[in-house]
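A look at the structure
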Amino acid sequence: MSERLLVLVRHGQSDWNLKNLFTGWKDPGLTEKGVAEATAAGQRLKALGLSFDIAFTSALTRAQNTCSLILEQLGQTGLQTVRDQALNERDYGDLSGLNKDDARAKWGEEQVHVWRRSYDVSPPGGESLKDTVARVLPYYCQEILPRVLRGERVLVAAHGNSLRALVMVLDRLTPQTIPSMELETGVPLVYRLNADSTVASKQVLTA
Ligand SMILES: O=C(O)[C@H](O)COP(=O)(O)O
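Since we're looking at a predicted model, the values are computed, not measured.

**Section: the side chain of Arg4**
- Residue placement: Arg4 occurs in the segment before β1 (5–10).
- Notably, Arg4 is buried but unbridged: the nearest opposite-charge side chain belongs to Asp196, and the N-O separation is 7.2 Å.
- Of the polar contacts made by the side chain of Arg4, one reaches the backbone oxygen of Leu193; its length is 2.7 Å.
- Polar side-chain contacts of Arg4 include one of 3.5 Å to the backbone oxygen of Asn194.
- Each residue touching Arg4, except ones within four places of it in the same chain, is listed here: Val148, Leu149, Tyr191, Arg192, Leu193, Asn194 and Ala195.

This is how it looks when you write it as structure tokens:
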């Protein structure tokens, strides 16, 4: 029986995560902690006996490097890896580069939480999660899901909000429940899908 294996992982800690800056489409690298998180994620996947037939990642360095570090741990450094900006983090627009605490001081805790976690409210000049779903979900349906349903084992290394967009659909979350859903850096979500593309099982491989 086909595994229909789909593993999603948010990139390890980035330089701007450490500095508490809104990042979006900006392109900082991983911190040493972020490298360690990605490496440990690969080791946890290896301990489960998992390997992949193809990987997908975004056009941003922090996700690409996380993907490479995971595949290195699995002995799969040469694996076909598709890079596409459809999997990029949500664009934080005018907030990109601002400190999140400064933003809270300027606009208030609630407004910043709404910009970060609500479904259909966009940060100024940026994308709402709904906008992010509108580019991630079609890409998933066209490029990723058909492979999983054919039995290819797929790894997706991306970002907190581009993956929240996908997890919202997989976990059947709603605009009311998505605001409380967070993804930790470097923690793989191991999904196995049913033949009808619904979720059969989900494992969160926390450290
Ligand atoms: O883009 C960013 O700032 C982070 O990767 C995600 O930020 P958030 O957790 O504030 O959405």
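Still more ground to cover, so stick around.
**Side note on the site of the ligand**
- Around the ligand, a shell composed of Arg10, Asn17, Leu21, Phe22, Thr23, Gly24, Glu89, Tyr92, Lys100, Arg116, Arg117 and Asn161 is seen.
- Glu89 is positioned with one of its side-chain polar atoms (N or O) 3.3 Å from an oxygen atom of the ligand.
- At a separation of 2.5 Å, an oxygen atom of the ligand approaches a polar side-chain atom of Arg116.
- When the residues that make up the shell around the ligand are grouped by side-chain class, the tally is three nonpolar, four polar and five charged.

**What about the UniProt feature "site: Transition state stabilizer" (unreviewed entry) in the chain?**
- What UniProt calls "site: Transition state stabilizer" (unreviewed entry) maps, in this numbering, to His159.
- Tracing the chain through its elements places His159 in the loop between β4 (154–158) and α7 (160–170).
- On the basis of relative accessibility, which here comes to 0%, the residue His159 falls in the buried class.

**Quick word on the sheet that holds strand β3 (residues 81–83)**
- Pairing within the open sheet is mixed, and its six strands lie in the order β3-β2-β4-β1-β5-β6. Among the strands making up the open sheet, the edge pair consists of β3 and β6 (199–204). Mean inter-strand twist for the sheet, computed between neighbouring axes without regard to direction, equals 20°.
- Note that strand β5 (residues 189–193) and β6 share five bridges and pair antiparallel. Residue pairing in the sheet places Val190 in a bridge with Gln203 of β6.

**Side note on the packing of aromatic side chains**
- Throughout the structure, instances matching the rule amount to three aromatic pairs.
- Here the aromatic rings of Phe22 and Tyr92 are separated by 4.8 Å at their centres, their planes lie at 55°, and the arrangement is tilted. Placement of Phe22 in the loop between α1 (15–18) and α2 (32–47) and of Tyr92 in the loop between β3 and α4 (100–107) is noted, with a sequence separation of 70 residues between them. You'll find Phe22 and Tyr92 in the same group, each marked buried.
- Relative to Trp115, the ring of Trp107 lies with its centre 5.2 Å away and its plane at 80°, an arrangement referred to as edge-to-face.
- By relative accessible area, which is 34% here, Trp107 ends up partly exposed.
- In this arrangement the basic side chain of Lys100 is found over the ring face of Phe22, its NZ or CZ atom lying 5.4 Å from the centre.

Conventions adopted
Residues numbered from 1 in each chain as written. Predicted model: local features only at pLDDT ≥ 70, side-chain atom pairs only at ≥ 80, totals over all residues. Heavy atoms only, no water. Helix = DSSP H or I, 4+ residues; strand = E, 2+ residues; numbered from the N terminus. Buried < 20%, exposed > 50% of the residue type's maximum accessible area, 1.4 Å probe, protein only. Lys, Arg positive; Asp, Glu negative; His and termini not counted. Salt bridge = Lys/Arg side-chain N within 4 Å of Asp/Glu carboxyl O. Polar contact = N/O pair within 3.5 Å; in protein donor to acceptor, adjacent residues only side chain to side chain. Contact = heavy atoms within 4.5 Å. Near = heavy atom within 4 Å. Nonpolar A, V, L, I, M, F, W, Y, C, P; charged D, E, K, R; others polar. UniProt positions renumbered as here; feature names shortened; annotations may be inferred. Pairing = 2+ DSSP bridges. Axes fitted to C-alpha atoms, helices over the stretch in contact; angles between N-to-C directions. Phe/Tyr/Trp six-rings, centres within 6.5 Å; stacked < 30°, edge-to-face > 60°. Lys NZ or Arg CZ within 6 Å of the ring centre and 35° of its normal.

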